[in-house]
Amino acid sequence: MMQIFNCKTLSVRAAAQLKILTPLIQELYVSDLNLPKDKQNPIFHEFYDTLVRGAELVKKCENIGTFNLLFNYRYAMQILKFEKDVNGFLGLIPAHIMLDTRAVLEELKTNYPPESADISRGLNDFIFKQGSMLTNDPSQNTMMLQQMVLEDLFDSNDIEGDSASYDHGNGYGKSHIFVGLEKSTGDLKELLFNNEVSVVGVQCMGGGGKTTLALALCNDTQIKGYFGNNICFITVSQSPNLKGILEIMWEKIVGGKKPEFQNVEDAHIQLQQQLSRQSMPTLVILDDVWTRVSLEKLLLEGPGYKTLITTRDSSIIPRNFSVRLYQLPLLDQEDALSLFCFWAFGQTSIPCTADANLVKEVQAECKGLPLALKVIASSLHGEPPVVWEIAKNKLSKGEPISDYHKEGLYKCLETSIELLDDVVRECFLDLGSFPEDTKICADALLDIWVYVRNLEWQDAFVILLELASRNLLNLTSNPGSGAAISHGSISELYFSQHDVMRDLASYLGCQGDLVHRKRLLMPRKELNLPGSWALCDPQFDAQIASINTGPMGENQWYDMNLPEAEALILLFTASEYYLPPFLKSMKKLKFLMVYNYGTKRATVKGLETLSSLTQLKSVRLEKVIATAVLKQRKALQNLEKLSLSLCEGFKNSSAFNNTKLHDFNMDHCSDLEELPPNICYMPSAHMWSITNCHQVQKLPYDLGNLSSLRVLRLSALPGLKELPSSIGNLGWLEYLDISVCVGLKELPEEIGQLKNLSELDMRECSRLKRLPRSVLGLTSLKHVICDEKIGKQWLKAKGISIPELRVEIVEVQFSLDWLDH
């Protein structure tokens, strides 16, 4: 009797049933809705309604106290009835292989570890239900089950958006819906029908719809008409059985009796030999490929043989003339709303009974990612408006709206970082410190990795590229910035994150007790600090802190202590902003970013707190009045990097005297007319950049005092009339950028003294008509970027004394992309 009166015990069992059955029956129910009314099966509708009521029962049981006997008994009896109804429906539904397949997958995950000797027994139990027999080869049995699952359900692990059926005469098939794939399907067909293309790679982030798109191709009339029955769809996954996959490819492509392969290499060789002897259109889809090693073992060639690969990592795709890489875009607003409505309401439009604005607001938080649209919409199916309102508020703060949301979305996307080593994973988690859908200078991220993670700059840059290749962040750059980037100047390289990936980084990076976390982050902008911070012990162990607020007054900050913090990111929208008083407790602080993304430049107050920051190595200021900040000489005395973007207030500044700066950058500083002479007293500077400062008319004569410079960027200074003759003293200079200096009429004769100069960017210097004869002495020069007229003069110089020079002629480009920064 005890179990009958304890509804929570029963609700746990019911929840387990719901977790397995709900996705399956929901898909059957939604698919059935698309059939004519006279062909719809009422069983699916009734079964689905029963599961919805069961989910409501489970939720109600969560709030029932142990000693509330009346309600325990009432809901326990209702759950027992629910389980009886479920068993009744299962008896009515035909024993389709789909249900048993999904059920056994869950059973195998729980009870039979992949490498367990019991796997064969588990598979035998499953196959026995289907009236089939297993072979004596356990690995072959595993592959047999995998293929059965694929041919029926298509996606056992990486659910990406919605999928549709395809049927190659194998007896399996299932009706689904494709939304927003028409253009991408057309693009891929064009590539696959191109005789010069043999391999097509489809890449996007996890949950972006790669598998769904591949399945749409399988179901496409033109594809089936061209390739016939010679279409083979195989999920490779993170830990593939390569020999087993090649055996399945033999059976699907070659047919007949399969040889006994000794190993993977033997299977690959024999299959390649066979393909060389036959000529028929064949399409092999290798879905969810994670490593280049796996791909190399599975790639084959032959007349009419095409391979389509889906992956999250573009770096695994080979690069040659017969390979094309296709970047799968996220869904646009219209298609995203259709897919969202499909999973939320069972139709592709907003029902008249729903709050259209609320639905669109929740859908917009998914940012076009198919998996997010599916998971979040499914979580809200059948819920009242108040639950939708709560979901909208949680999503706007970057919080999961339910356990299903966490398990269905975050757990799926988490597989994207499972293969990262520990260092790269920590770097990915640091992305949660920055706002979503905002272009941030990549140098800021690298500074954290260099000064906090103690990485070498080159290693940090490689990690940045790796994360980009895995679609965990997006990289963009300004036109013409490639040469500067190649010399280590990445002030015009920007990163941004999709909301969902940023939320994943924040979610994983903020596990554990608030006080002892490595990162103290605010998932979204709030007017004030989170209330939970005030309720904790005032001392936090965070190594990185990121605070995203509106205007902050002196008394709005909590009494906090962050003695272990090495990086602080202050994000805000305000015209006046007080720095946090707890800055004085950050004795170990090495990186400080003050980033105002409001419409007006902000006055920063509370600067006395900076006086204790003697370990600061990098400071980045964005859209602030910098005058008072730059006067904090004690805080800046050990500074190695200073970046000022969209700032004002540089007149008569003495902050640059006797600094230890290695890297100095000023960009879009509108009131900068003349650089103070002491700005050139940076004896340790290796990189020096003044860009997009339109009021600058001349540079200090003492520019030549920057004797350690390797990189000098003076780009987009339209008012600049000349370069100082002292530039000839920069004997170590390797890269010079004077692009878009449209007022520059001539180069000084002393430029010929730059004996180590290897690259010169002088595009769009339209008034520059001739080169000084001294350029013939630039014998180390390897690359010049310029317009056609000046290019002819460089070609003459090449023929005379600079034989290794490459002259790149570029057309005029004009871009307003910087307005988005």
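Below is a short write-up of the structure. The structure displayed is predicted, hence computed values, not measured ones. (Residues numbered from 1 in each chain as written. Predicted model: local features only at pLDDT ≥ 70, side-chain atom pairs only at ≥ 80, totals over all residues. Heavy atoms only, no water.)

### Re the overall build of the chain
Consideration 1: The helix and strand inventory of the chain stands at 27 helices and 24 strands.
Consideration 2: The proportion of buried residues among the 821 residues of the chain is 55%.
Consideration 3: The long-range share in the chain, meaning contacts at least 24 apart out of those at least 6 apart in sequence, stands at 60%.
Consideration 4: Carbon and sulfur atoms provide 51% of the accessible area of the chain, an area that totals close to 35700 Å². (Helix = DSSP H or I, 4+ residues; strand = E, 2+ residues; numbered from the N terminus. Buried < 20%, exposed > 50% of the residue type's maximum accessible area, 1.4 Å probe, protein only. Contact = heavy atoms within 4.5 Å. Areas by Shrake-Rupley, 256 points an atom, 1.4 Å probe, with all protein chains shown as cover.)

### A few points about the sheet that holds strand β2 (residues 231-237)
Consideration 1: Sheet architecture is open: 5 strands sit in the order β2-β3-β4-β1-β5, paired in parallel fashion. Two strands lie at the open edges of the sheet, namely β2 and β5 (323-327), each paired on one side alone. Each strand axis lies, on average, 15° off the axis of its neighbour in the sheet, ignoring direction. (Pairing = 2+ DSSP bridges. Axes fitted to C-alpha atoms, helices over the stretch in contact; angles between N-to-C directions.)

### Side note on the sheet that holds strand β12 (residues 576-578)
Consideration 1: An order of β12-β14-β16 is seen for the 3 strands of this open sheet, with the pairing classed as parallel. Here the strands that pair on one side only, and so sit at the sheet edges, are β12 and β16 (624-625).
Consideration 2: Pairing of β12 with strand β14 (residues 602-605) involves 3 bridges; the strand directions are parallel. When the sheet's bridge partners are listed, Glu576 is paired in β14 with Thr603.

### Remarks on the packing of aromatic side chains
Consideration 1: Summed over all chains, the structure comprises 13 aromatic pairs.
Consideration 2: Ring geometry for Phe572 against Tyr577: centres 3.9 Å apart, planes inclined by 10°, an arrangement best described as stacked.
Consideration 3: Among the residues examined, Phe572 registers a relative accessible area of 0% and is labelled buried.
Consideration 4: Their ring planes at 50° and their centres at 6.0 Å tell us that Tyr595 and Tyr597 sit as a pair that is tilted.
Consideration 5: On the accessibility criterion, Tyr597 (31% relative accessible area) is partly exposed.
Consideration 6: Positioned above the aromatic ring of Tyr494 is the side chain of Lys439, whose terminal nitrogen or guanidinium carbon lies 5.6 Å from the ring centre. (Phe/Tyr/Trp six-rings, centres within 6.5 Å; stacked < 30°, edge-to-face > 60°. Lys NZ or Arg CZ within 6 Å of the ring centre and 35° of its normal.)

### Regarding the environment of Glu62
Consideration 1: Considering the arrangement of structural elements, one finds Glu62 in helix α3 (residues 42-62).
Consideration 2: Once the C-alpha coordinates of Glu62 and Cys7 are considered, the two residues, 55 residues apart in sequence, prove to be 9.0 Å apart.

### A few points about the pattern of salt bridges
Consideration 1: With the rule as written, the count across this model stands at 25 salt bridges.
Consideration 2: Among the ionic contacts, a cluster of salt bridges with common partners joins Glu426, Asp430, Arg453, Lys518 and Arg519. (Salt bridge = Lys/Arg side-chain N within 4 Å of Asp/Glu carboxyl O.)

### Structural notes on the pairing of strand β19 (residues 687-691)
Consideration 1: Of all 5 residues making up β19, 5 are buried, and the element is well covered by its neighbours.
Consideration 2: Of the two faces of β19, the one holding Met687, Ser689 and Thr691 and the one holding Trp688 and Ile690 are both buried throughout.
Consideration 3: Across 5 bridges, the pairing between strand β18 (residues 663-667) and β19 is parallel. Its bridge partner being in β19, Asp667 is matched across the sheet by Thr691.
Consideration 4: Across 3 bridges, β19 lies against strand β20 (residues 711-713) in parallel orientation. Looking at the pairing, Ser689 lines up with Arg713 of β20.

### Some points on the state of the cysteines
Consideration 1: Throughout the structure, instances matching the rule amount to 0 disulfides.
Consideration 2: There is no disulfide at Cys786, and the cysteine sulfur nearest it, in Cys765, is 9.5 Å away. (Disulfide = S-S within 2.5 Å.)

### Points about the nonpolar core
Consideration 1: Trp688, Met762 and Trp794 are the most contacted members of the largest nonpolar core, which totals 96 residues.
Consideration 2: The next biggest cluster of nonpolar side chains, apart from the first, holds 66 residues, and it includes Trp388, Val452, Ile463 and Ala567. (Core = buried A, V, L, I, M, F, W, Y, C linked by side-chain atoms within 4.5 Å.)

### Examining the side chain of Glu426
Consideration 1: Locating Glu426 in the fold gives a position in helix α19 (residues 422-429).
Consideration 2: Separated by 2.7 Å, the side chains of Glu426 and Arg519 make a polar contact.
Consideration 3: Contact partners of Glu426, with chain neighbours within four places excluded, come to Arg453, Lys518 and Arg519. (Polar contact = N/O pair within 3.5 Å; in protein donor to acceptor, adjacent residues only side chain to side chain.)

### Some points on α19
Three or four residues apart is the spacing at which side chains of an α-helix point the same way, because the helix has 3.6 residues per turn.
Consideration 1: Within the sequence span of α19, burial applies to Val424, Glu426, Cys427, Phe428 and Leu429.
Consideration 2: Capping the start of α19 is the job of one residue whose side-chain oxygen sits 3.1 Å from the backbone nitrogen of Val423: Asp421.

### Considerations on the environment of Glu361
Consideration 1: Assignment of secondary structure puts Glu361 in helix α15 (residues 356-364).
Consideration 2: Taking the C-alpha atoms as reference points, Glu361 and Glu389, separated by 28 residues in sequence, lie 9.5 Å from one another.

### Brief notes about helix α17 (residues 385-396)
Consideration 1: For α17, spanning 12 residues, the distance from its first C-alpha to its last is 17 Å, which sits close to the expected 16 Å at 1.5 Å a residue.
Consideration 2: Along α17, the residues classified as buried are Trp388, Ala391, Lys392 and Leu395. What you see down the axis of α17 is that its buried residues fit within an arc of 100°, all on one side. (Expected span 1.5 Å × (residues − 1). Arc of directions from axis to C-beta.)

### Remarks on the packing of helix α8 (residues 182-192) against helix α9 (residues 210-218)
Consideration 1: Following both chains from N to C, one finds α8 and α9 inclined at 65°, their axes separated by 10 Å at the closest point. As α8 packs across α9, the resulting crossing turns out to be right-handed. Between α8 and α9, the residues in contact are Ser184, Thr185, Leu188, Lys189 and Leu192 and Leu213, Ala216 and Leu217, respectively. (Left-handed = near helix turned anticlockwise from the far one by under 90°.)

### A short note on the packing of α19 against helix α23 (residues 499-509)
Consideration 1: Running from N to C, α19 and α23 point in directions that differ by 115°, and their axes come no closer than 8 Å. As far as their axial angle goes, α23 and α19 are roughly perpendicular. Of α23, the residues touching α19 (which contributes Arg425, Phe428 and Leu429) are Met501, Leu504, Ala505, Leu508 and Gly509.
Consideration 2: Each residue belonging to the contact of α19 with α23 can be placed in one class, and the counts come to 6 nonpolar, 1 polar and 1 charged. (Parallel < 35°, antiparallel > 145°, perpendicular 65-115°, else oblique. Nonpolar A, V, L, I, M, F, W, Y, C, P; charged D, E, K, R; others polar.)

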